[in-house]
Each structure stands twice: as structure tokens, then as C-alpha cells.
Amino acid sequence: PNQPRVLGKTHPDGTTLMQSWGRLDADAIGPGLRVRLQPKLAERMTKAWAPSSPASAKKLIPVSAAPQSVARTPFFCSGCPHNWGTKVPEGAVVGAGTGCHGMILLMDEDRVGDGIGVTAMGNEGAQWVGMEPFVEATHLFQNYGDGTFLHSAQLALQHCVGAGKHMTFKILYNSTVAMTGGQDSPAPMSVTQLCDALLAFGVAKVAVTAEDTHRYKDITLPHGVDVSGREDIVKVQEQLQATPGVTVLVHDQFCAAELRRDRRRGQRTTPTERVVINHRICEGCGDCGDVSNCLSVQPVQTPLGRKTTIDQNSCNFDYSCLEGDCPAFMVVDTTQAEASSVALPPADSIPLPVVRVDADIVRIRMAGIGGTGVVTVAQILATAAMLDGWEVRGLDQTGLSQKAGPVVSDVVLSRKDRASSNLVGDGQAHLLLGFDALVASSPNALSAAVDDRTVVVASTHVTPTGQMISAPSTPYPSHEIVARLKAASNPTGNAFVDATSLATALTGQTTTANVFLLGVALQAGHIPVSGDAIAEAIELNGVAVDANLAALDWGRRWVEDPETVARHAERKAANPPTAMMRVAELTASLQTRAQKLDDAIGPQDAPGYPDGMALVTILAADLADYQNNKYAEHYLNTVEAAASAERRVAPGSIAFVVAVAKQLHKLMAYKDEYEVARLMLSSEAAATVASVGGPDAKFTWRLHPPMLKALGMDDKIPVGSWAKPAIAALAAGKRLRGTRLDPFGRTHMRRLERALVSEYIDAVLTVADALTAERLDAAAHLAQLPDLVRGFEELKLNRVETYRHQLAAALEPFSQG
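Residues numbered from 1 in each chain as written. Predicted model: local features only at pLDDT ≥ 70, side-chain atom pairs only at ≥ 80, totals over all residues. Heavy atoms only, no water.

J.: In this structure, what is going on with the overall build of the chain? I would like to understand it.
T.: Within the chain, the secondary structure is distributed over 31 helices and 19 strands. Relative to a compact globule of 817 residues, whose C-alpha radius of gyration would be 28 Å, the chain shows 30 Å and is just as compact. Looking at the 817 residues of the chain, the share that counts as buried comes to 50%. For the chain, the exposed area adds up to about 37400 Å²; of that, 53% sits on carbon and sulfur atoms. (Helix = DSSP H or I, 4+ residues; strand = E, 2+ residues; numbered from the N terminus. Rg over C-alpha atoms; globule rule 2.2 N^0.38 Å. Buried < 20%, exposed > 50% of the residue type's maximum accessible area, 1.4 Å probe, protein only. Areas by Shrake-Rupley, 256 points an atom, 1.4 Å probe, with all protein chains shown as cover.)

J.: Mind showing me how you'd approach unusual backbone geometry here?
T.: The phi angle of most residues is negative, glycine excepted, and most peptide bonds adopt the trans form. Phi is positive for Tyr-319, which is not a glycine, with a value near 65 degrees. In this fold, Tyr-319 is placed in the loop between strand S10 (305-310) and strand S11 (329-333). Judged by its relative accessible area of 24%, Tyr-319 falls in the partly exposed class. With a phi angle near 50 degrees, Glu-793 is a residue other than glycine that sits in the positive phi range. Using a relative accessible area of 19% as the deciding quantity, one classes Glu-793 as buried.

J.: Sorry, what's going on with the sheet that holds S11 here?
T.: The strands making up a sheet associate through backbone hydrogen bonding, with each pair oriented either parallel or antiparallel. In spatial order, the strands read S8-S11-S18-S19; together these 4 strands make up an open sheet with antiparallel pairing. Where the open sheet ends on each side, the last strands, each with one partner, are strand S8 (273-277) and strand S19 (717-720). Averaged over all neighbouring strand pairs, the angle between strand axes comes to 30 degrees, with direction disregarded. Here helix H26 (residues 683-693) sits on the sheet in contact with S8, S11 and strand S18 (699-703), set at roughly 40 degrees to S11. (Pairing = 2+ DSSP bridges. Axes fitted to C-alpha atoms, helices over the stretch in contact; angles between N-to-C directions. Contact = heavy atoms within 4.5 Å.)

J.: Teacher, can you tell me more about the pattern of salt bridges here?
T.: Between side chains of opposite charge, a pair can form when the charged atoms approach closely. Enumeration over the complete set of coordinates arrives at 25 salt bridges. Residue Arg-261 pairs with Glu-258 through a salt bridge whose shortest N-O separation is 2.2 Å. Taken together, the positions of Arg-261 and Glu-258, both in helix H9 (residues 256-264) and 3 residues apart, correspond to about one turn of that helix. Residues joined in a network through salt bridges with shared partners are Arg-280, Asp-622, Asp-625, Glu-675, Arg-678 and Glu-684. (Salt bridge = Lys/Arg side-chain N within 4 Å of Asp/Glu carboxyl O.)

J.: Please clarify how the packing of aromatic side chains should be interpreted in this entry.
T.: Aromatic ring pairs: the centre-centre distance and the angle between the two ring planes describe each pair. Applying the stated criterion across every chain yields a total of 7 aromatic pairs. Between Tyr-144 and Phe-149 the ring centres are 6.3 Å apart and the planes differ by 25 degrees, which places this aromatic pair in the stacked class. For the pair Tyr-144 and Phe-149, one class covers both residues: buried. Put simply, the rings of Tyr-144, Phe-149 and Phe-169 pair up and form one aromatic cluster. The ring of Phe-254 carries the charged tip of Arg-268 above its face, separated from the ring centre by 4.3 Å. Between Arg-415 and the ring centre of Trp-390, over which it is positioned, the NZ or CZ distance is 3.9 Å. (Phe/Tyr/Trp six-rings, centres within 6.5 Å; stacked < 30°, edge-to-face > 60°. Lys NZ or Arg CZ within 6 Å of the ring centre and 35° of its normal.)

J.: What should I look at first to understand the nonpolar core in this one?
T.: Soluble globular proteins tend to bury their nonpolar side chains together. Counting residues in each nonpolar core, the largest one holds 60 residues, and the members touching the most others are Val-616, Tyr-635, Phe-656 and Leu-771. Look past the residues within four positions of Phe-656 in its chain and what remains in contact with it is Ala-642, Glu-646, Val-764, Val-767, Leu-771, Leu-776, Ala-779, Ala-780 and Ala-783. Counting residues in each nonpolar core, the second largest holds 48 residues, with Met-366, Leu-413, Val-529 and Ala-550 among its members. (Core = buried A, V, L, I, M, F, W, Y, C linked by side-chain atoms within 4.5 Å.)

J.: Got a minute to help me understand the pairing of strand S7 (residues 246-252) in this structure?
T.: Taken residue by residue, a regular strand's side chains alternate between the two faces of the sheet. Among the 7 residues in S7, 7 count as buried, and that is most of the element. Of the two faces of S7, the one lined by Val-246, Val-248, Val-250 and Asp-252 and the one lined by Thr-247, Leu-249 and His-251 are each fully buried. Pairing of strand S5 (residues 205-210) with S7, which is carried by 6 bridges, proceeds in the parallel orientation. Each bridged residue has a counterpart across the sheet, and for Thr-209 the counterpart in S7 is His-251.

J.: Please clarify how the confidence of the model for the chain should be interpreted in this entry.
T.: Averaged over every residue, the pLDDT of the chain is 89; residues scoring 70 or more account for 93%. Long-range and interchain partners of residues 53-65, a stretch whose pLDDT sits below 50, account for 13 contacts in this model, where long-range means more than four residues apart. (pLDDT = per-residue confidence, 0-100.)

J.: Explanation requested: helix H6 (residues 146-162) in the structure shown.
T.: An α-helical segment advances 3.6 residues per turn. Residues three or four places apart therefore align on the same side. The end-to-end C-alpha distance of H6, which contains 17 residues, comes to just 21 Å, noticeably less than the 24 Å that a straight helix rising 1.5 Å per residue would cover. When H6 is considered as a whole, its buried residues turn out to be Asp-146, Gly-147, Thr-148, Phe-149, Leu-150, Ser-152, Ala-153, Ala-156, Leu-157 and Cys-160. Taken together, the buried residues of H6 touch helix H5 (127-131), strand S3 (140-145), strand S4 (167-173), helix H7 (191-201) and S7. (Expected span 1.5 Å × (residues − 1).)

J.: Just checking my understanding: could you explain the packing of helix H29 (residues 748-770) against helix H30 (residues 776-784) for this structure?
T.: Each pair of packed helices can be described by the angle between their axes along with the distance between the axes. Two numbers describe how H29 lies on H30: the axes approach to 11 Å, and their chain directions differ by 175 degrees. The angle between H29 and H30 falls in the class roughly antiparallel. Along the contact surface, H29 presents Tyr-760, Ala-763 and Val-767, while H30 presents Ala-779, Leu-782 and Ala-783. Residues that form the contact of H29 with H30 fall into these classes: 6 nonpolar, no polar and no charged. (Parallel < 35°, antiparallel > 145°, perpendicular 65-115°, else oblique. Nonpolar A, V, L, I, M, F, W, Y, C, P; charged D, E, K, R; others polar.)

J.: Even after reading the chapter, I still don't get the side chain of Thr-512, so can you show me in this structure?
T.: Looking at the element boundaries, Thr-512 is found in the loop between helix H16 (499-507) and helix H17 (513-523). Among the residues examined, Thr-512 registers a relative accessible area of 0% and is labelled buried.

J.: Please clarify how the environment of Arg-215 should be interpreted in this entry.
T.: Tracing the backbone through its elements, the reader meets Arg-215 in the loop between S5 and strand S6 (227-229). For the pair formed by Arg-215 and Lys-716, sequence separation is 501 residues and the distance between their alpha carbons is 22 Å. In contact with Arg-215, not counting residues within four places along its chain, are Ala-210 and Asp-252.

J.: Whenever I open this one, the sheet that holds S3 confuses me. Can you help?
T.: Across the sheet, which stays open at both edges, the 7 strands sit in the order S2-S1-S3-S4-S7-S5-S6 with parallel pairing between neighbours. Looking at the sheet topology across the chains shown, the edges are occupied by strand S2 (114-118) and S6. Across the sheet, the mean angle separating the axes of adjacent strands is 25 degrees when strand polarity is ignored. Across the sheet, H7 lies against S4, S5 and S7, angled at about 160 degrees from S5, the strand it touches most. Where helix H8 (residues 233-241) meets the sheet, its contacts fall on S3, S4, S5, S6 and S7, and the angle it forms with S7 comes to roughly 165 degrees.

J.: Would you mind going over the packing of helix H21 (residues 588-601) against helix H23 (residues 629-649) with me for this structure?
T.: Direction vectors running N to C along H21 and H23 enclose 30 degrees, while the axes themselves pass 10 Å from each other. Between H21 and H23, the angle is such that the two are roughly parallel. Taken as a pair, H21 and H23 cross one another with a handedness that is left-handed. Along the contact surface, H21 presents Leu-590, Arg-593, Ala-594 and Leu-597, while H23 presents Asn-629, Ala-632, Glu-633, Leu-636, Asn-637, Val-639, Glu-640 and Ala-643. Looking at the contact of H21 with H23, its residues break down into 7 nonpolar, 2 polar and 3 charged. (Left-handed = near helix turned anticlockwise from the far one by under 90°.)

Written as C-alpha cells, this is what we have:
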């Protein structure tokens, strides 16, 4: 007679009782239960079930109210076949597939097509049967893998054939079920057998693309099935799209993650050729990242602004970045390179840490990037805690995050048989260990923090997101990240350190960075587990034991003496090539003029300036090296005019003159044939090669000369060191630049580049004459516009059009004034 009313999403009055989205964990269920149970069980309610007090509620940081400007999302691995396999013709409509293909829904539609969402596994493509009559699109590209096809999706393909639909299935043939751990495909087929089966199903046409077409030299495919290189994958899809009925593209390329694992296990040979970028030639245009869609192609800051570098630790030897339209690439033979060694810590002992957390239940949240060993460190800590007598529970939140996305692992330690959930709830964490600060500052990770208990130990290393690879101008929000972490924690115990850079320099492996940070947290007293137990757990894990033990020791030493650890790292690490620059000497008068400007501007935040040189001095000296001192004098005249105007209207302001100094140098030092040749032989280029292959490494340049390109040569050509005399002669030809004897000076591109310099100087002088304090921000914006002009040949031409349009619009108020 007194049965309770059964409720679900709402209270009887219609207000929310339980959220109808996301995870129904204790934090989601608890508040509703408190409200429902309190009236009937008030006398039995324990303190844990009592409603939260307003005071304690204020300590929880409302992270959802301040979304991140940049978030880390799952992305294809370096060298992943999906980087090529998901390319589509312009305007394509695409269905996502179960597994890694689903990540296209998080990526730029200009690259991967207009996604229509994802359906149940095995149903891929069948949704088009119901959708097609109701949409304007007349064709669908449907992604999935060979594992999905063999599991169940072949039924949907047959259904679409029977329904007479017009669509193209794209099957990635990578011989593994990559998303769930790299299992072998069920009932595997060869590509020949797969094509035979598809044609037997009644598809209209089957085509194959591969990263290595030579593998098909001795393979006989069914009649009518052609093999093309992956660089032609869009063209092949256009042909299939033009074929009525159901067509299939099989893209044959091995899974990058499994390839990397096999190399580590010695089951496959590791290539000895590595790709490097000469940062002096690089324009930071992003074309190589756009072509390859590879996470190893990363933006980097240099003395001359943003450039691009190849992260050698994550590179998977795919080499597709070489297809970028840029002469900055070199391929280095690393056969003679010395293997990186571990810098052994000093023999002196480290003081025992003073444990600062006193509780029977200690909750630790770890946040980092999938594939970097977050779960491994969680297991090491859990094992160590069990060796020390703790009861341990853990929870790893991974999923798609194993593909360069966010990973969160919780470890809960308890004494006295105190039971506890393996999930660290809202505001429960004693320690937030941020192996990647961007992930640690995300709402999911930061929800466990509370400002009177949680301590943050985080790595400040900048690891670009997938968004930054395709849009390299996207700024990394370092200051925002640190501010979020400090606001959500007890700042008195926080520690921030570039664990990746230090660990890589000291151990030769980036994979030890997380263990280094674990050592920092241990020595700082935030982990109530002994160092001996953690060392034993590392030995039990059995992977890179010496390097990880050294990283643990170095992390502990960093807490006691960070300066000494930094000095050891500097001695171990070679000078980063991107932080080097060699320039000619200016005449005494030009040196004096440049120094006066630098004294007025003050130090600028840019790495790698030679000792005693500042912004204007180094840029003017580089232009003297580029052409001559007269050319540098022309540069200084304009910069001085900008500085004088800005000082007149706003003493102390430097925004306008700094932008002019940087961007005028960029336009004046345009990369023609003479300049590219000079920079190919520069000391920076030699240092880049030596940093990867050693001082005597063999290498080749990868070039696509504009004159040969104009004659119809579509591909880059390898040019070895045998060509140095010819390249040196070409570099010496800079004396002809801009003269009537210049053989390259009459081309449209070179005439355009000279015109851009004149146009910009005229614009700067116009702005300087009409400058007022109220127009200073607009002037600085105008002066910065040449940063849009990046890249070579067609890419540069396209961006010049955008630049000129914006320059004209920005200049109009000053011209009228």
C-alpha cells in the first residue's frame, strides 16, 4: 500500500532528477538521490549523504563555465593510412565508419568531406538507402576498414547493390583491427580475394590505391581492377564517383600503430632515412602538414618566427610530408648516427621525500595524451602502491583517446580496508598529475580538482594538437592552461616543469617524460609511496628499465635542484637547429642605427638570437647577407620612420615598429633561387642534418625548381651533396638579383615579390604620416598583414591575393586621413 513512486529523469514536478546524457557516475546520481531520500531517511542520513554546504560547494571550480580555447581531440597517428585514405574530392558527402574512421567527424570538412555521422557497426552505407531520396546530394562516400567489412559490413554493401544506390565504399585494407588493440582481422582475405568477392557481390567497379605500388608487381588482380599510388587517391575517387552504381576503393596501407609496435619488437626493419626541414628556408605555410595530415609535422618558433619541424620521436617514416611544395626538406641517412645514451644521475643520494598528504584514502588523477604511456605510469604507480601495502583501485578512461587524444587514469589508494570507488569524483583528487597540461586543464580532468586540497604537478611542454597541424597559425594557450590549473588547485604545492624536454635530453627518449614527472610528484611529497617501490615496479614492467629509472631519479633531483638538472640536460642535448642563426656583419654606421632602434624597442621574446644581437640588428644583418649593406640600409630607413611616428604619438609603445621590423624583413628576404641556394649551404642546414644523422651524415635535398615545374615536371627530385658546387655558384649569383642580367627576375613570381616590398614600404610610410594614438592598434594590425604571405609558388600566389585585399582595406582610413 505504500509503494514508492518510480522516477527516472525528472522529479514529480518536472524538474531534473537524473541527467539524460553522458556518464551516470556517483557525481551525476548523488544530488538527485539526496533530494529524494532526505525527507524519508533524514535521521539515518550519514554525513556523506548530507547535502553539500554552500561553503564547500564554492571550492569546486565550475570548469564548464570557461571552455578551453584549444582542446585536444583524438587524431590519426603519425603515418596513419587514414591520413591518405580519408581524402575526398571537393564537396564530397561522407559517412563515418566504426573505429578510427569515426575521427573524421572531429576534423576539417574541407579535408575529409561533409560528414553525415556514424551508424551502427555493420550498417555502414545502408543509411544511404533511406537518406538519398530526401537530400540534394546524389552520391555518398562510405568509410570503413577491412575488419568491419569482414565482421558484418559486407551485408550492408550487398544491400546497397541490391537497392541500386549510387555510392562508393572506401575500404581501408590495413590487416588489423586497430581501434581495439591491433588484433588480427577475422577470416582475413588478400587484396585479390577481396576484389574478387566485391565483384561477385555485383559492384560496378573496384579500384586499389597503395602507398607502395611496387608490391603489386607480381600480384594478379581481377580484370578491370587498377592499382594507383596514394597520391592519386582523389583522382581515383572522382572516377568512381562518375561511375553509376555501387563502386569500391580499396586503400592498401599497413596500420601505423602496428608498424611502430612491430619495429620496437624487432619484427620489422626500422628505416634509416629521416626527414628534416631547414628552418631557414621553411615559410611555416603548413602545406606539408596539409598534404600529410601528420602529427609529427609540427609548428615551432624560431628567431624568424613560426616555422615547421619534424618531431623525430613520433615520426613513423611515412615520408608523405615530402610532397609539400617546399624546398626546405632534406632526407638524411642515419646509418652512421650514434644511438642516444642515457645520462646517468649523479651517485649522491637524494633526500627522502617528506610526504605531504595524510589520509586513509588518497586519490590521484593522471591526464595525458593517448599513446605516450599514461596508462603505463598508472600501472607502475598502482603496482608500487601494492608493494607498499596499499589497497589499490584504478580506472583508465581511454577509448578513442589512444589515438593522440586525451587519456585520464585514476588511481585510488586506501588503508584500513576503507572501500572506495575506482573513479575520482568531483573535487576528490589529492593530486592531479598532468603529463599534458592541456589535457589536465580540460573539464573532464579538472572536475576532480578542488582549490583547498588538490595539488597540480604538470608538464608545460607544448605538444601541438591535430587542429594545429592543419592550421599552424593556431596559438597554443600556455598562459590560459596554467591559469586554469592554478585556479582549480592549491597553488602552494603546485609544480610546473617541461618534463618532455628534460627527460628527452637526459635519457634520449621522450617516452620517459611521464616517469620523470612521476619522480617530481614523488619527491615533492604528493605521492605516499616509497621511491624503492616505484623503482621495483619499473623493473617489473620490464620496458626501457634503465632509461625509466634514470628519468625517475632526474625528476626527484629536479625538485631538490632544478638548475643542476637543467645544466645536465643542456650539456647532453645538442643545440636545437631551429634556435641557430648565422648572419653577416653590418657596417659601423648601420650597426649603430640598428642598435639605437633595439635599445628603444627592448628585448623581444624570440629564441636563438646570437649573443649581443637583438631584433632589428639581426634582421638588418641577415638582409646584408641576403644582398648587401645597401639593401639593409633601405630596410633600416623604413623601420626608423615607423619608430619615429610611433614615438611621436605614443611614447613607450612598440607594437607598430616591431611588426614593421619583422614583416618588412620577411618581404625583403623573399626566397628566390639565389636565396634558397644560399640557405641550402648555411650552417643551420648543416646543423639540422648533424642533429639527426651525425656530423658526416649523407643527405639529399628534395627540390622542385620552378623552371622545371613550368616545363611540366610534377614531382620533386632528389639532389645529393655532389651538387654543392653548382648550388654555391647559384648562391653567388645573388649579385644579379633584380638587375637586367637576372635570368630569374622576369618571372611573374619574382616581379610580384619585388612589388610586394615596394607596396608595403609605401603603406608603412602612409600610415606613419597619418598615425595618431587612436589609430595605433589599426596601424599595428596593418603592419602585421604580410604574415599572411607564406609558402611557395601557387600557394604563395593565392595568399598574396588575400593579403593585398586586406592591406587595401586596412590602409583606406590612413589614406583618407
